[in-house]
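# Per-entry structural report
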Amino acid sequence: MAEVRVWVTVDQDGKARARRLDNNQRSRVWSVGYTGLDKQLIRLFERWLTVRDRDWRDDEIRVFGSLLHRCLFGNDNWEWIQAIIEDSPRVRLELIFPDDSRLAALPWEYLYLPDKDRRQGAFLATRRNLVLSRYIPLRGRQFSAQDKLTVLVVISQPKDPRIGPVKYEDVLETINATAATLNFKTLETLHNPTEQDLARAVRTGSPDLIHFMGHGKFDEDRGAGALALVDPDGGVDWVSDRRIADTLTRYGNIPRAVVLHSCDAGKADYEASFAGVAPQLIRHGVQSVIAMQYPVRNSTAIKFSSGLYNALANGDDLDVAAQEARFQISGSAPHLLGVPVVYMQSSTPLLRSRSGDL
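Residues numbered from 1 in each chain as written. Predicted model: local features only at pLDDT ≥ 70, side-chain atom pairs only at ≥ 80, totals over all residues. Heavy atoms only, no water.

### Focus on the confidence of the model for the protein
With 91% of its residues at a pLDDT of 70 or more, the protein has an overall mean of 85. Predicted confidence in the protein is weakest over strand S16 (residues 263-264), with a mean pLDDT of 50, and strongest over strand S2 (residues 15-20), with 97. Confidence drops under a pLDDT of 50 for residues 264-272, and excluding neighbours within four residues, the segment shows 33 contacts in the predicted structure. (pLDDT = per-residue confidence, 0-100. Helix = DSSP H or I, 4+ residues; strand = E, 2+ residues; numbered from the N terminus. Contact = heavy atoms within 4.5 Å.)

Shown next as structure tokens:
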């Protein structure tokens, strides 16, 4: 049996329904339980996740993930999806939320399927037979897998003590080393670009994938994000998510994928949320985006990047590659598995597999 795609769609009123795309089978409608004490506990866990020096235990993350699972699926609505998983070699589980809903901003990547009867519990974001992503269904340009992937690495570290340094050297070395042995072509690394510099690099280089290392922020009140680029004097220039999306897509050379992450050396007094930027990129035609919900240390970024690019070179799509990379970083630190968020509007692989099979 072929891979199966399942959409879990939540409407503005918090009503949810699952749909299997290959035969249009639909589950019953249920209500998402983001209310009362559960809502307060989820928000408490969210705040704890931003505490950089907290020593997370595996059982604590399982409790948080189980709480999210109960919030989204209730007590028995998951079983409809579970039956599909048990009958399929792989299921793409794609979560769809209204843009302006608080539910869209929750870290669903921590979803944990609790133990039940003889079934072993598991984090959905690391299961080998399931791929978890956020999905934004659009009717944009459809791509086909290609033979070589052109990668542009962008490193932005403005001179501003409020946001701290970007520790990028080891991650850049990993990306370049991986690209040298796989089917990638890396463009010249773009350091500390202004908005105009970034636009020029995209226009002239036509990258397939842009890997951004720097800072981001998200204004929950406005529902908008921004990236920290550099102004002409070297200071920080917070460029809105809409302008970033316009800059990367306005010349018609739309990158197929974008990776957004922030590497830090333990400093915790700056923001690194790319919420808002990723959905805007998807709406402007980017096929897939990986965005980090929280800053990650260099060792984590190295392991994640290595796993990601190796999986891409094997012909996996970005969401599948991210699922594998999540597994790589979650072994000794389970709280890291929910950091990468994947947004998709197409399930077409970026690269042909090494054997030539899709």
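### Some points on unusual backbone geometry
Despite not being glycine, Asn 24 has its phi angle at roughly 65°, a positive value. Structurally, the position occupied by Asn 24 is in the loop between S2 and strand S3 (30-31). For Ser 206, which is not glycine, the phi dihedral falls at a positive 45°. Topologically, Ser 206 is positioned in the loop between helix H5 (195-205) and strand S11 (209-213). Given a relative accessible area of 34%, Ser 206 falls into the partly exposed group. (Buried < 20%, exposed > 50% of the residue type's maximum accessible area, 1.4 Å probe, protein only.)

### Some points on helix H3 (residues 78-86)
Turning to H3, its buried residues number three or more, namely Trp 78, Ile 81, Gln 82, Ile 84 and Ile 85. Down the axis of H3, the smallest arc covering the buried residues is 160°, so these residues share one side. For H3, the secondary structure elements touched by its buried residues are strand S1 (4-10), S2, helix H2 (58-73), strand S4 (91-96), strand S5 (112-113) and strand S7 (130-135). (Arc of directions from axis to C-beta.)

### Some points on the packing of helix H8 (residues 298-313) against helix H9 (residues 318-330)
Interhelical geometry of H8 versus H9 gives an angle of 140° and a closest axis separation of 8 Å. With respect to the hand of their crossing, H8 and H9 are arranged in right-handed fashion. Where H8 approaches H9, its residues Thr 300, Lys 303, Phe 304, Gly 307, Leu 308, Ala 311 and Leu 312 are matched on the opposing element by Leu 318, Ala 321, Ala 322, Ala 325, Arg 326, Gln 328 and Ile 329. Among the residues making up the contact of H8 with H9, the classes are represented as 9 nonpolar, 3 polar and 2 charged. (Axes fitted to C-alpha atoms, helices over the stretch in contact; angles between N-to-C directions. Left-handed = near helix turned anticlockwise from the far one by under 90°. Nonpolar A, V, L, I, M, F, W, Y, C, P; charged D, E, K, R; others polar.)

### Some thoughts on the packing of aromatic side chains
Where two aromatic rings form a pair, the distance of their centres and the angle of their planes describe that pair. Evaluated as defined, the whole model comprises 10 aromatic pairs. Relative to Trp 56, the ring of Phe 45 has its centre 6.3 Å away and its plane inclined at 25°; by these criteria the two rings are stacked. One end of the pair, Phe 45, is in helix H1 (residues 36-49); the other, Trp 56, is in the loop between H1 and H2, and 11 residues separate them in sequence. Using a relative accessible area of 11% as the deciding quantity, one classes Phe 45 as buried. Given the relative accessible area of 8%, Trp 56 is considered buried. Through a chain of ring-to-ring contacts, the aromatic side chains of Phe 45, Trp 48, Trp 56, Phe 64 and Tyr 110 assemble into a single cluster. (Phe/Tyr/Trp six-rings, centres within 6.5 Å; stacked < 30°, edge-to-face > 60°.)

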